[in-house]
Amino acid sequence: EADIYQTPRYLVIGTGKKITLECSQTMGHDKMYWYQQDPGMELHLIHYSYGVNSTEKGDLSSESTVSRIRTEHFPLTLESARPSHTSQYLCASSDGRFSNQPQHFGDGTRLSIL
Amino acid sequence: QKEVEQDPGPLSVPEGAIVSLNCTYSNSAFQYFMWYRQYSRKGPELLMYTYSSGNKEDGRFTAQVDKSSKYISLFIRDSQPSDSATYLCAIGSGGTSYGKLTFGQGTILTVHP
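No experiment lies behind these values; they were computed from the predicted model shown.

Chemist: Hey, could you run me through the overall build of chain B in this one?
Modeler: Check the secondary structure of chain B and you find zero helices and eleven strands. Taken over C-alpha atoms, the radius of gyration comes to 14 Å for chain B, in line with the 13 Å a tight globule of 113 residues would show. The principal-axis extent of the C-alpha atoms belonging to chain B is close to 45 × 30 × 25 Å. By the burial criterion, 47% of the 113 residues in chain B qualify as buried. When contacts within chain B are restricted to residue pairs at least 6 apart in sequence, those whose partners lie at least 24 apart make up 55%. Accessible surface computed for chain B: about 5100 Å², of which carbon and sulfur atoms make up 50%. Looking at chain B, you have 10 positive and 10 negative side-chain charges, and the mean spots of the two groups are 7 Å apart.

If you want it as structure tokens, here you go:
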């Protein structure tokens, strides 16, 4: 069973605040991902990482940034939150040894910007 | 046109029914195929994973892949109320080193007692 944890689960915060969404996994996976998911819509990849000190932007443009200083930790930061950032953010990881391994997801952070 | 199209539903069936969920895709480079189940307020959970044409069975679930038609299906036998969730197909191309997946938009399934 996948062990990937996201905090907080829910966050309601005002415009202009700096936000960091946490994601940690205990499986030793090299590859990690951030997705954005809106109701009734498909998951859109916004960031991914091959490993420590490696980060890339995904298919969907996002004002967020990520860092990967440790294998198990892949936080996402919004410097100045806006209502347009309201969404669900899902973190995932996969085994870095192979390119075709399934991704394992956390339970997400539901973010609401007032 | 989206690379992966999923029958949007929603789907409502009685307990015990056989459920068929379907996706089509357009990119011949897609090589591996997954189905995820997502309960409300939770993350997607991997249900089935396959990379060859044909059927793969796991308990009440059968994943079917037809690469020639670019069509994948998930069948649920003897459906239960606990199967009520959103089902997502996800398809990957083995050529990308970061393991990109392209997701369908999901089908909401409700199984009523």
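Having put the structure on the table, let's press on.
Chemist: Help me out: how do you make sense of the pattern of salt bridges in this one?
Modeler: Opposite charge on two side chains permits pairing when their charged atoms draw close. Residues and elements named next belong to chain B. The full count for this structure, using the stated rule, is nine salt bridges over all chains. For Glu 45, the salt bridge identified is with Arg 37, shortest N-O distance 3.2 Å. Two residues, Arg 77 and Glu 57, come together in a salt bridge whose shortest N-O distance is 3.4 Å. Pair noted here: Arg 77 is in the loop between strand 8 (71–76) and strand 9 (85–93) and Glu 57 is in strand 6 (residues 54–58), with a separation of 20 residues, a long-range link. For Arg 77, a relative accessible area of 30% corresponds to the partly exposed category. On the accessibility criterion, Glu 57 (58% relative accessible area) is exposed.

Chemist: Hey, could you run me through the interface of chain B and chain A in this one?
Modeler: Where interface size is given, it is often the accessible area lost as the parts come together that is meant. Taken together, the 22 residues of chain B in the interface contact 25 residues of chain A. Roughly 2000 Å² is buried in total at the junction of chain B and chain A, and carbon and sulfur atoms are behind 50% of that figure. If you look at where chain B meets chain A, you find seven residue pairs in polar contact (both at pLDDT 80 or more). Looking at the side of chain B that touches chain A, the elements that each hand over two or more residues are strand 4 (30–38), strand 5 (45–50) and strand 10 (101–103) of chain B. Top element by residues in the side of chain B that touches chain A is strand 4 of chain B. It accounts for four residues.

Chemist: What exactly am I supposed to notice about the side chain of Ser73(B) here?
Modeler: All names here are of chain B. Relative to the helices and strands, Ser 73 resides in strand 8. There is a polar contact of 2.8 Å between the side chain of Ser 73 and the side chain of Asn 22. Not counting residues up to four positions away in its chain, the partners in contact with Ser 73 are Leu 21, Asn 22, Trp 35, Thr 62, Ala 63 and Gln 64.

Chemist: Would you mind going over the sheet that holds strand 7 (residues 61–66) of chain B with me for this structure?
Modeler: By way of backbone hydrogen bonds, the strands of a sheet pair with one another, either parallel or antiparallel. Residue and element names in this part refer to chain B. With respect to topology, five strands assemble into an open sheet ordered 1-3-8-7-6, the strand pairing being antiparallel. The outermost strands of the open sheet, each flanked by one partner alone, are strand 1 (4–6) and strand 6. Sheet twist, expressed as the average angle between the axes of neighbouring strands with direction ignored, equals 15°. One ladder, built from six bridges, connects strand 3 (residues 19–25) with strand 8; its direction is antiparallel. Of the residues in strand 8, the one forming a bridge with Cys 23 is Ile 72.

The rules behind these values
Each residue is numbered by its place in its chain's sequence as written, counting from 1. As a convention, the first chain written is A and the first ligand written is 1, with the rest following in written order. Confidence filtering applies because this is a predicted model: local features only for residues at pLDDT of at least 70, side-chain atom pairs given and counted only at 80 or more, and all residues used for totals across whole chains, interfaces and linings. Side-chain figures throughout are based on the complete set of non-hydrogen atoms in the structure, without hydrogens or water. Where helices and strands are cited, they refer to DSSP runs of H or I of at least four residues and of E of at least two residues respectively, numbered from the N terminus. As a reference, a globule follows 2.2 Å times the number of residues to the power 0.38, and the radius of gyration itself is taken over C-alpha atoms. The buried label goes to any residue with under 20% of its type's maximum accessible area, the exposed label to any with over 50%, and the partly exposed label to all in between, with areas taken from a 1.4 Å probe on protein chains only. Contact criterion: two residues are considered in contact whenever any of their non-hydrogen atoms come within 4.5 Å of each other. Here, Shrake-Rupley sampling with a 1.4 Å probe gives the accessible areas, and only protein chains in the shown set may cover a residue. Note that His is not counted, nor are the chain ends; the positive residues are Lys and Arg, and the negative ones are Asp and Glu. Note on charges: their place is set at NZ of Lys, CZ of Arg, CG of Asp or CD of Glu. Note on definitions: salt bridges are taken to be side-chain nitrogens of Lys or Arg within 4 Å of carboxyl oxygens of Asp or Glu. Joining two parts hides part of their accessible area as seen by a 1.4 Å probe, and the buried area is that hidden amount summed over both. Two N or O atoms form a polar contact when they lie within 3.5 Å of each other; inside protein one atom must be a possible hydrogen donor and the other a possible acceptor, and for residues adjacent in sequence the pair counts only when both atoms belong to side chains. Pairing between strands is defined by DSSP: at least two bridges between the two strands are required. Here an angle of 0 to 180 degrees is reported between the N-to-C directions of two axes, which are lines fitted to C-alpha atoms, with helices fitted over the stretch in contact.

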